[in-house]
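# Chains, contacts and geometry: an overview
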Amino acid sequence: MEGVVLKYYSDLFKSSCPSEFAELLEVIVSKVSTDMNERLTSDFQGIEVHKALKQMYPLKSPGPDDCDFVHASLGNRPSYVWRSIYAAQEIVKKGMRWNIGNGKKIWIWEDKWIPNSPSSKVFSLRVLYPQISMVSDLIDVEDKGWNFSLLKCIFLPFEVEIIRGIPLSTQLSEDKQNLDRDFKWFILMKADWLCEDQADAITILWALWTNRNEVQYGGFRKIGKQLILWCTHYLEEYWAAVEVPMKLSQVHVSKWEPPAFPFYKVNVDGAVFVFKEQKKAGVGVVIQDHVGNFIAGLSKKFRCPLGAIEVEAKAFESGLESVKDMGIQDFVLKGDSLNIVHALSGNSHAASTIAALIYEMQVTSFEFQNVLFSHVRRNSNISTHQLAKHTVGIFDFSVWIEESPCFLVQALLHDVSTAFNY
């Protein structure tokens, strides 16, 4: 009996090594067509890899339960490596701040979403409108902007100005969380500090972080004077090592450059101004073909106190929207903000206030056939800057198709004549 049982179960899990599958396959309904199979088995194209990489977002690598690191759980039987990584989750959460898309995931009083604030949380007390709890309740979906009258009823005046200065994407897509880089961004990009002062601040931050790690591994905690003294000596050695003889710089004369056929050239610019004691902003867009012909122009006003970097980001967004409306597929998008160009190209991180906007523009760019992001010097972007300043005298926006406004003709002619030596 034992032999019979052993033989039965041994044969049960053995293969009969069949060689003919044709009859079996004929009765199985195929879910993958021939065309689908060819696409699935074909080699990856460079553009596909590039698109996949661009669609990734910071901290979105999957954890053990197929979610991002911030929301991952420890699990039942975690490995030593995963336990070590997971231990840093709370530290990461403390440094996270929301980048606003549609506001549906962000709690107004509980979450961190206020830029340029020590805690990144709302300071105003929750007194009126108890039914309003999400940031999405503060957004006017039709106008794709903040509900100004509601903000004035809920928040303190200084906080109203901060919130209105947060640019919203016209797509109003999903909210994203990102590591808060506001302090370093403020030092490097917004604060009017000399290069030496920036170096001092960053070196001190680095020294504090280094000493913190030393203390965690049994080292001694240094007092403030010791850290400052070390930073001073370190920077003195650094500047001595990199010091080069000063050379007289030559004045660079810029001129308008035509795009290669069949590309169009889309120049954008933003401007911030005070109108009737209120801070407002405007953007300008100029679209030209490869021989300099004026295709379209846009002047658009924003009735909110946007900062310089925020209005430049909105200018690039307006440029993308304009070429989309015109049905243009191949173009070079140019602006005089090098920070925005680097962020859109994926070469650097964007400021937290515009990170969601930059991400949306990167996703939108894949809707076109060929898009290039490029930097242009300010003195070669004069016509677009004039359209941005033109928003002072308009109510909402103005659009010109194929016929440029009279105040822009001279600037456009000057650009084309210098490019083609007319």
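Residues numbered from 1 in each chain as written. Predicted model: local features only at pLDDT ≥ 70, side-chain atom pairs only at ≥ 80, totals over all residues. Heavy atoms only, no water.

### Let's talk about helix α12 (residues 308–326)
Its 19 residues place the ends of α12 27 Å apart at the C-alpha level, agreeing with the 27 Å of an ideal helix rising 1.5 Å per residue. The buried fraction of α12 amounts to 14 of the 19 residues, a majority that puts the element mostly inside the structure. Gly327, located one to two residues past α12, shows a positive phi value of around 75°. (Helix = DSSP H or I, 4+ residues; strand = E, 2+ residues; numbered from the N terminus. Expected span 1.5 Å × (residues − 1). Buried < 20%, exposed > 50% of the residue type's maximum accessible area, 1.4 Å probe, protein only.)

### Describing the pairing of strand β8 (residues 330–335)
A regular strand carries its side chains on alternate faces of the sheet. Most of β8 is tucked away: six of the six residues are buried. Judged by which residues are buried, β8 turns out to be covered on both faces: Asp330, Val332 and Lys334 on one side and Phe331, Leu333 and Gly335 on the other are all buried. Judged from the six bridges that link them, β8 and strand β9 (residues 370–375) form a sheet pairing that is parallel. Each residue of the ladder has a partner; that of Asp330, found in β9, is Asn370. (Pairing = 2+ DSSP bridges.)

### A look at the environment of Phe123
As for its placement among the helices and strands, Phe123 is situated in the loop between β1 (96–99) and β2 (139–140). Looking at Phe123, the relative accessible area reads 59%, which means it is exposed. Placed 14 residues apart in sequence, Phe123 and Trp109 show a C-alpha to C-alpha distance of 8.3 Å. If we ignore the near neighbours within four places in the chain, the residues touching Phe123 are Leu156, Phe158 and Glu159. (Contact = heavy atoms within 4.5 Å.)

### What about the side chain of Lys301?
Summarising the element assignment, Lys301 is placed in strand β7 (residues 294–302). Of the side chains with opposite charge, Asp396 lies nearest to the buried Lys301, which makes no salt bridge, at 8.6 Å. At 3.2 Å, the side chain of Lys301 forms a polar contact with the backbone oxygen of Thr391. Setting aside its immediate chain neighbours within four residues, Lys301 contacts Phe273, Lys280, Ala281, Gly282, Thr391, Val392, Ile394, Phe395 and Asp396. (Lys, Arg positive; Asp, Glu negative; His and termini not counted. Salt bridge = Lys/Arg side-chain N within 4 Å of Asp/Glu carboxyl O. Polar contact = N/O pair within 3.5 Å; in protein donor to acceptor, adjacent residues only side chain to side chain.)

### Concerning the pattern of salt bridges
Scanning the entire structure with this criterion turns up five salt bridges. Across the pair Lys105 and Glu174 runs a salt bridge whose closest N-O atoms are separated by 2.2 Å. Of this pair, Lys105 sits in the loop between β1 and β2 while Glu174 sits in the loop between α8 (157–164) and β4 (176–179), and the two are 69 residues apart along the sequence. Between Arg164 and Glu161 there is a salt bridge, with its nearest N and O atoms 3.7 Å apart. Separated by three residues within a single helix, Arg164 and Glu161 lie in helix α8, roughly one turn from each other. When its relative accessible area of 11% is taken as the criterion, Arg164 is described as buried.

### A few points about helix α15 (residues 382–389)
Within α15, burial applies to Ser383, Thr384, Leu387 and Ala388. One side of α15 holds all its buried residues, which, seen down the axis, span an arc of 145°. (Arc of directions from axis to C-beta.)

### Some thoughts on the confidence of the model for the protein chain
Any region with low pLDDT has predicted coordinates that should not be read closely. Across the protein chain, the average pLDDT comes to 78, with 80% of residues at 70 or higher. The low-confidence segment residues 57–66 (pLDDT under 50) makes 24 contacts with residues lying over four places distant or belonging to another chain. (pLDDT = per-residue confidence, 0-100.)

### What about the packing of aromatic side chains?
Scanning the entire structure with this criterion turns up six aromatic pairs. Measuring from ring centre to ring centre gives 6.3 Å for Trp109 and Phe155, while their planes differ by 20°; the resulting arrangement is stacked. In this pair, Trp109 sits in the loop between β1 and β2 while Phe155 sits in the loop between α7 (148–154) and α8, placing the two residues 46 residues apart along the sequence. Phe155 matches Trp109 in its accessibility class, with the two residues each being buried. The positively charged end of Arg164 is found above the aromatic ring belonging to Phe148, 4.0 Å away from the centroid. Geometry around Phe395 places Arg303 over its ring, the cationic atom sitting 4.2 Å from the centre. (Phe/Tyr/Trp six-rings, centres within 6.5 Å; stacked < 30°, edge-to-face > 60°. Lys NZ or Arg CZ within 6 Å of the ring centre and 35° of its normal.)

### Overview of a nonpolar patch on the surface
Side chains of Phe21, Leu24, Leu25, Val27 and Ile28 sit close together on the surface and give an oily, nonpolar patch of about 520 Å² of accessible area. Note on placement: Ile28 falls in the loop between α2 (22–26) and α3 (34–41). Judged by relative accessible area, which is 49%, Ile28 ranks as partly exposed. (Patch = residues over 30% accessible without salt bridge, like charges linked within 9 Å, V, L, I, M, F, W, Y side chains within 5 Å. Areas by Shrake-Rupley, 256 points an atom, 1.4 Å probe, with all protein chains shown as cover.)

### Notes on unusual backbone geometry
Look at the link from Phe261 to Pro262: it is a cis peptide, with omega at 5°. The phi dihedral of Lys144 falls on the positive side, at around 55°, and the residue is not glycine. Tracing the backbone through its elements, the reader meets Lys144 in the loop between β2 and β3 (145–146). Residue class for Lys144 comes out partly exposed when judged on its relative accessible area of 35%.

### Here's the deal with the environment of Ile354
Looking at the element boundaries, Ile354 is found in the loop between α13 (338–344) and α14 (355–365). We classify Ile354 as buried; its relative accessible area is 1%. Here the alpha-carbon distance between Ile354 and Ile166, two residues 188 residues apart in the chain, equals 7.8 Å. Apart from the residues within four sequence positions on either side, Ile354 is in contact with Pro167, Ile309, Glu310, Ala313 and Ile340.

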